[in-house]
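Residue strings, one per chain:
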Amino acid sequence: MKRVRTQTQRPANLNIDGRRVAGLTSPPARDQQAEDEFARFFSQSLDLLCIAGLDGYFKYMNPAWTACLGWTLEELKARPFLDFVHPDDRAATQAEVGKLAEGAEAILFENRYRHRDGSFRWLQWNARPAAGRLQIYSTARDVTHQKWLEREILEVVDREQERLGRELHDGLCQSLAGIVALGSALSKRLAANSESASSAMAAEIATLLNASIVQARDLAHGLGPLGLNDAGLDDALEDLARSIRHLFRVACTFECERPSPGLRGGAAVHLVRIAQEAVNNAITHGKADRIEISLGSKGGQGLLNIMDNGVGLPVEAPTGEGVGLHTMAYRARLIGGSLEVGRRTRRGTAVTCAFPLSRATDGCEKPDHVRR
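Attention here is on the structure that accompanies the text. Quantities reported herein were computed from a predicted structural model and do not represent experimental measurements. (Residues numbered from 1 in each chain as written. Predicted model: local features only at pLDDT ≥ 70, side-chain atom pairs only at ≥ 80, totals over all residues. Heavy atoms only, no water.)

**Side note on helix 4 (residues 90-101)**
This is how the line gets drawn: Each helix corresponds to a stretch of at least 4 residues labelled H or I by DSSP, and each strand to a stretch of at least 2 residues labelled E; elements are numbered beginning at the N terminus. Multiply 1.5 Å by the residue count of a helix minus one, and that product is the helix's expected span. When a residue's accessible area, from a 1.4 Å probe over protein chains only, is under 20% of the maximum for its type it is buried; when over 50% it is exposed; and in between it is partly exposed. What the arc covers is the set of directions going from the helix axis to the C-beta atoms. Here, residues are in contact when the closest pair of their heavy atoms is within 4.5 Å.
Taking 1.5 Å per residue as the helical rise, helix 4 with its 12 residues ought to reach 16 Å, and the 16 Å between its terminal C-alpha atoms agrees with that figure. All buried positions along helix 4 are accounted for by Thr93, Glu96, Val97 and Leu100. On an axial view of helix 4, the arc spanned by its buried residues comes to 100 degrees, and they lie on one face. Buried residues along helix 4 sit in contact with strand 3 (107-114), strand 4 (120-129) and strand 5 (135-142). Trailing helix 4 by a residue or two, Gly103 shows a phi angle of about 110 degrees, which is positive.

**Structural notes on the sheet that holds strand 10 (residues 349-356)**
Where we set the bar: Strands were regarded as paired on the criterion that DSSP finds at least two bridges between them. Where helices are involved, their axes are fitted lines through C-alpha atoms of the stretch in contact, as for all axes, and angles between N-to-C directions lie from 0 to 180°.
Here we have 5 strands laid out as an open sheet, ordered 6-7-8-10-9, and mixed in their pairing. Two strands bound the open sheet, and with one partner strand each, they are strand 6 (251-256) and strand 9 (338-343). For this sheet, the mean inter-axis angle between neighbouring strands, taken without regard to orientation, is 15 degrees. When strand 9 meets strand 10, the two strands line up antiparallel, connected through 6 bridges. From the neighbouring strand, Val341 faces strand 10, where its bridge partner is Val351. Contacts between helix 7 (residues 233-248) and the sheet are confined to strand 6, strand 7 (290-298) and strand 8 (301-308), with strand 6 contributing the most and set at about 165 degrees to the helix. Sheet strands in contact with helix 8 (residues 265-284) are strand 7, strand 8, strand 9 and strand 10, and its direction is about 15 degrees off that of strand 8.

**Observations regarding the packing of aromatic side chains**
In plain terms, the rule: When two rings of Phe, Tyr or Trp (its six-membered ring) have centres within 6.5 Å they constitute a pair, described as stacked for plane angles under 30 degrees, edge-to-face for angles over 60, and tilted for the intermediate range.
Summed over all chains, the structure comprises 7 aromatic pairs. Each ring, one from Trp65 and one from Trp125, has its centre 5.7 Å from the other, and the planes form 45 degrees; the classification is tilted. Of the two residues, Trp65 sits in helix 2 (residues 64-69) while Trp125 sits in strand 4, which places them 60 residues apart along the sequence. The pair Trp65 / Trp125 is uniform in exposure class, with both members buried.

**A look at the pattern of salt bridges**
Note the cut-off: By convention in these notes, a salt bridge is any Lys or Arg side-chain nitrogen within 4 Å of a carboxyl oxygen on Asp or Glu.
Taken as a whole and judged by the stated rule, the model has 9 salt bridges. Of the charged contacts, one joins Arg116 and Glu75 as a salt bridge, the two residues approaching to 2.5 Å between their closest N and O atoms. Residue Arg116 is found in the loop between strand 3 and strand 4, and its partner Glu75 is found in helix 3 (residues 73-78); the two are separated by 41 residues along the sequence. Residue classification places Glu75 among the partly exposed positions, given a relative accessible area of 26%. The salt bridge partner of Lys99 is Glu96, with a shortest N-O separation of 3.4 Å.

**What to know about the side chain of Asp89**
Mapped onto the elements of the fold, Asp89 is located in the loop between helix 3 and helix 4. Ignoring sequence-local partners within four residues, the contact set of Asp89 consists of Asn111 and Arg112.

**Things to note about the nonpolar core**
For clarity, the threshold we go by: By convention a nonpolar core is built from buried Ala, Val, Leu, Ile, Met, Phe, Trp, Tyr and Cys residues, the set being connected through side-chain atoms within 4.5 Å.
Membership of the largest hydrophobic core comes to 33 residues, with the highest contact counts inside it found for Leu237, Ile291, Ile293, Leu304 and Ile306. Elements that contribute at least two residues to this core include exactly helix 7, strand 6, helix 8, strand 7, strand 8, helix 9 (323-334) and strand 10. Top element by residues in this core is helix 8. It accounts for 10 residues. Apart from the residues within four sequence positions on either side, Ile293 is in contact with Leu240, Ala241, Cys252, Thr253, Phe254, Glu255, Val279, Leu304, Asn305 and Ile306.

**Let's talk about the environment of Val180**
Along the chain, the position of Val180 falls in helix 5 (residues 144-192). Those residues within four positions of Val180 in sequence are excluded, and the remaining contacts are Ala206, Leu209, Asn210 and Ile213.

**Some remarks on the packing of helix 7 against helix 8**
Two quantities define a packed helix pair, namely the angle between the axes and the distance from one axis to the other. Basically, it comes down to this: Convention used here: angles under 35 degrees read as roughly parallel, angles over 145 as roughly antiparallel, angles from 65 to 115 as roughly perpendicular, and any remaining angle as oblique. When the near helix sits turned anticlockwise from the far one by under a right angle, the crossing is termed left-handed; a clockwise turn instead gives a right-handed crossing. Amino acids outside the nonpolar list (Ala, Val, Leu, Ile, Met, Phe, Trp, Tyr, Cys, Pro) and the charged list (Asp, Glu, Lys, Arg) are all regarded as polar, and Gly is one of them.
Put simply, helix 7 and helix 8 touch, their axes get as near as 10 Å, and they point 25 degrees apart. The angle between helix 7 and helix 8 falls in the class roughly parallel. Of the two possible hands of crossing, helix 7 and helix 8 adopt the one that is right-handed. Contact with helix 7, carried on its side by Leu233, Ala236, Leu237, Leu240, Ile244 and Phe248, involves Ala268, Leu271, Val272, Ala275, Gln276, Val279 and Ile283 of helix 8 and no other residues of that element. Residue classes in the contact of helix 7 with helix 8 are distributed as 12 nonpolar, 1 polar and no charged.

**Observations regarding the sheet that holds strand 4**
Strand order in the open sheet made by the 5 strands is 2-1-5-4-3, with antiparallel pairing throughout. Across the chains shown, the open sheet's two edge strands, defined by having one partner strand only, are strand 2 (58-61) and strand 3. Direction aside, the axes of adjacent strands within the sheet are offset by 30 degrees on average. Of the pairings in the sheet, the one linking strand 1 (residues 48-53) to strand 2 comprises 3 bridges and is antiparallel in character. Bridge pairing in strand 2 places Ala52 opposite Phe58. Here helix 4 sits on the sheet and contacts strand 3, strand 4 and strand 5; the angle it forms with strand 3, its principal contact strand, is near 140 degrees.

So yeah, pure geometry; function would need other evidence.
Structure, rendered in structure tokens:
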């Protein structure tokens, strides 16, 4: 009788010699485990995590998105993500996505996303392209509360500056003017009593006090109200150029396209403060004797330009930027705009602030979660 040999089946993790291979598991089990860990990581993160395609759609998102924006994940993935971006931020968002598509390693930017209730949330993004795949790996964080706090701090600073300006003008200047009047009267009385030396000293005191009054008024004008209660942005910038010519004796011109952007309120205040800072830098640090301020629009955006003929920025970037430049850039971001500062071709510095022309540059009223 012929003996039939039965063939035993080797376990999946044994090689042909029957020896066990460490760490070898079947591919389906490994893939499932990795997928489970991936989903667990996404679901537990407090930050907004997502994988987006270069086709403009979200591919994978964690539940934090729903908690932040109110939309379900299915709703967010069913429409192009630009549909949820504030209209004033769409062009900038497309430009950032374009950088990633062209191979940028990582980008950091901010934009506003629409909440289901109609308000907007400020999101701060950190994104990088996936190597070899038409996808973008991104993390985002809701910084709306931080934005409103920073904005309120700037508003407090502006109000304090205006208050100090009024105090200088209405308080100190008036007191000095009274002392000048008394000094002049004393000088005349001393002269009448043939005390010429004392009379000359009293007259000199009055002259110095008059000079102090001029300086105090100049300070008050720089700190005081911007004249935006009843005027538009173009009128406020024209007034700024006029005051610069009077106070610093430098040529300062203002040109405005017609019709002008005509912004009012908070956006106009920030733009005039940007112009003030740029002009002060040009005079104080740039030693400029000619400054050109212009207001116009291009490509659906407003443009504020301040150019001077001063010494310009250093060829090599300094180790630390001034507070003024940071404040100017921050004011631009607050109104949904951007700031560029650079050297002019021949001589001087050019400051350009691009800003949206829509009336509601803030995008919305303060959201409920920020009020709380």
